[in-house]
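# Remarks on the overall topology
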Amino acid sequence: LADADVRLPRSGTGALAVSAMRRVRLYLGGFEFQQRPPAAISSRVRGRLEDLWAATTALSMMDPVRADGVGLLHFLESLRAGDAAHVARSLGYEAAFAALIGGPMLRGKARELLRRNMEALAGPHATPYEHAFYQLGAGSSAFFHSEWDEAARLCDAAARGFRTECRGAEYEAAVAVVFGLQARGQAGQVAELVARIPAAIRDADARGDLFAANNYRGGFHSLARIAAGQIAEVQADLRKVVETWKPGFYQMHAYHRVFTGVAVDLYTGDPRSAVARIEQDWPELKAGLFLRMELPAMELRWTRARAALALAAQ
């Protein structure tokens, strides 16, 4: 981002303001653009778009609110440059983010963006990366629309595409795997997840991929391993997340960690620990604006309520 002369907002409120301004510009201006062949776009412009895209995807699963503003800047500049490949990527990313924020208007906008994304992929310059990212955008949008089977199918296809047809896209593949696991967790596919999760963690550990491993270790999908009685394994995975924790802004695997930790506490009959765990993290979850996103907000309030009711009952 420094190379692209872009600064991240210091606060979540500042990030929201930046995103609101850029999203209004984007939606008022529309998604039409004058496509230019890659050779007609300067190397400086292409390099800047690559920098913005790399930052957007890297931040998306760590600090999604700040990632939103960078992703919108990438979208606006892709339209202005006439770069069809980058526009296609932005259409898929914005569709997923609109679904994440939620609400009737943005859910409708997410479907429109995916339709436009599919049309953009019919052009001559779309690569396997753009096709895989379309599947990831469609799969994560389906996830935030609570269409679990469709989300799992599309995210599995995206992960395969990133790993077999693209170079240097292991991060995107890991994001696809996370959404696929979460969708199966929501669908209650216990046996499938008991087989998939340990294999995914082993694969990530073998590659030294801390981001992937920590996101596989916790989250809604971990309920399947708890349901299967694998409490010791889940607790060991939570300890590994804590041991490898990087201080700084509140990242997505911290959200997964607290969700899974509360579930384990309630399963083992320790609601006092469950309440302490969620209350300790609540200010950071609020500051990280997770309560402004439709599905995460519901999961967090449900988690907090279960812990409080269990403690009251005891």
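As shown above, the structure is provided for reference.
Keep in mind the model is a prediction, meaning the values are calculated, not measured. (Residues numbered from 1 in each chain as written. Predicted model: local features only at pLDDT ≥ 70, side-chain atom pairs only at ≥ 80, totals over all residues. Heavy atoms only, no water.)

Okay, the packing of aromatic side chains next. Scanning the model with the defined rule gives 17 aromatic pairs in all. On the basis of an interplanar angle of 15° and a centroid distance of 5.7 Å, the ring pair of Phe31 and Phe75 is categorised as stacked. Here the residue Phe31 occupies a position in the loop between helix H1 (12-29) and helix H2 (43-60), and Phe75 occupies one in helix H3 (residues 64-81), the gap between them amounting to 44 residues. The burial state of Phe31 is the same as that of Phe75; both residues are buried. One aromatic cluster is present, built from ring pairs that chain together Trp53, Tyr93, Phe97, Tyr129, Phe133 and Phe162. One cation-aromatic arrangement involves Lys109 over Tyr27; the distance from NZ or CZ to the ring centre is 4.8 Å. (Phe/Tyr/Trp six-rings, centres within 6.5 Å; stacked < 30°, edge-to-face > 60°. Helix = DSSP H or I, 4+ residues; strand = E, 2+ residues; numbered from the N terminus. Buried < 20%, exposed > 50% of the residue type's maximum accessible area, 1.4 Å probe, protein only. Lys NZ or Arg CZ within 6 Å of the ring centre and 35° of its normal.)

Assignment of secondary structure puts Asp83 in the loop between H3 and helix H4 (84-101). At 3.2 Å, the side chain of Asp83 forms a polar contact with the backbone nitrogen of Ala85. A polar side-chain atom of Asp83 sits 3.1 Å from the main-chain amide nitrogen of His86. (Polar contact = N/O pair within 3.5 Å; in protein donor to acceptor, adjacent residues only side chain to side chain.)

Any two packed helices are characterised by how steeply their axes cross, that is the angle between the axes, and by the distance between the axes. Orientation of H2 relative to H3, taken along the N-to-C sense of each, is 155°, at an axis distance of 8 Å. Judged by the inter-axis angle, H2 sits roughly antiparallel to H3. Seen from above, H2 lies across H3 with left-handed handedness. The segment H2 lies against H3, with Val45, Arg48, Leu49, Leu52, Trp53, Ala55, Thr56, Leu59 and Ser60 engaging Pro64, Ala67, Val70, Gly71, Leu73, His74, Glu77, Ser78 and Ala81. Residues belonging to the contact of H2 with H3 are distributed by class as follows: eleven nonpolar, five polar and two charged. (Axes fitted to C-alpha atoms, helices over the stretch in contact; angles between N-to-C directions. Parallel < 35°, antiparallel > 145°, perpendicular 65-115°, else oblique. Left-handed = near helix turned anticlockwise from the far one by under 90°. Contact = heavy atoms within 4.5 Å. Nonpolar A, V, L, I, M, F, W, Y, C, P; charged D, E, K, R; others polar.)

Take the pattern of salt bridges next. Counted under the stated rule, the structure contains 27 salt bridges. For the salt bridge of Asp68 with Arg23, the shortest nitrogen-to-oxygen distance reads 2.6 Å. On the criterion of sequence distance, the pair formed by Asp68 in helix H3 and Arg23 in helix H1 is long-range, its members being 45 residues apart. Arg23 sits in the buried class, given a relative accessible area of 11%. With a shortest N-O distance of 3.9 Å, Arg163 and Asp203 are connected by a salt bridge. Residue Arg163 is found in helix H7 (residues 148-165), and its partner Asp203 is found in helix H9 (residues 190-206); the two are separated by 40 residues along the sequence. A residue is classified by how much of its surface remains accessible, and Asp203, at 35% relative accessible area, is partly exposed. One continuous salt-bridge network, built from bridges that share partners, spans Arg163, Glu170, Asp203, Arg207 and Asp209. (Salt bridge = Lys/Arg side-chain N within 4 Å of Asp/Glu carboxyl O.)

On to H1, then. Compared with the 26 Å implied by 1.5 Å per residue over 18 residues, the 25 Å span of H1 between its first and last C-alpha is a close match. If you check which residues of H1 are buried, you get Gly12, Ala15, Ser19, Arg22, Arg23 and Leu26. Looking straight down H1, one finds that the buried residues subtend no more than 105° of arc, so they occupy a single side. Relative to its buried face, H1 has exposed residues pointing more than 90 degrees away, namely Thr13, Met21, Leu28 and Gly29. Those residues of H1 that are buried lie in contact with H3, H4 and helix H14 (271-287). A positive phi of about 85° marks Gly30, the residue just after H1. (Expected span 1.5 Å × (residues − 1). Arc of directions from axis to C-beta.)

Remember, this is a structural readout, not a statement about activity or role.
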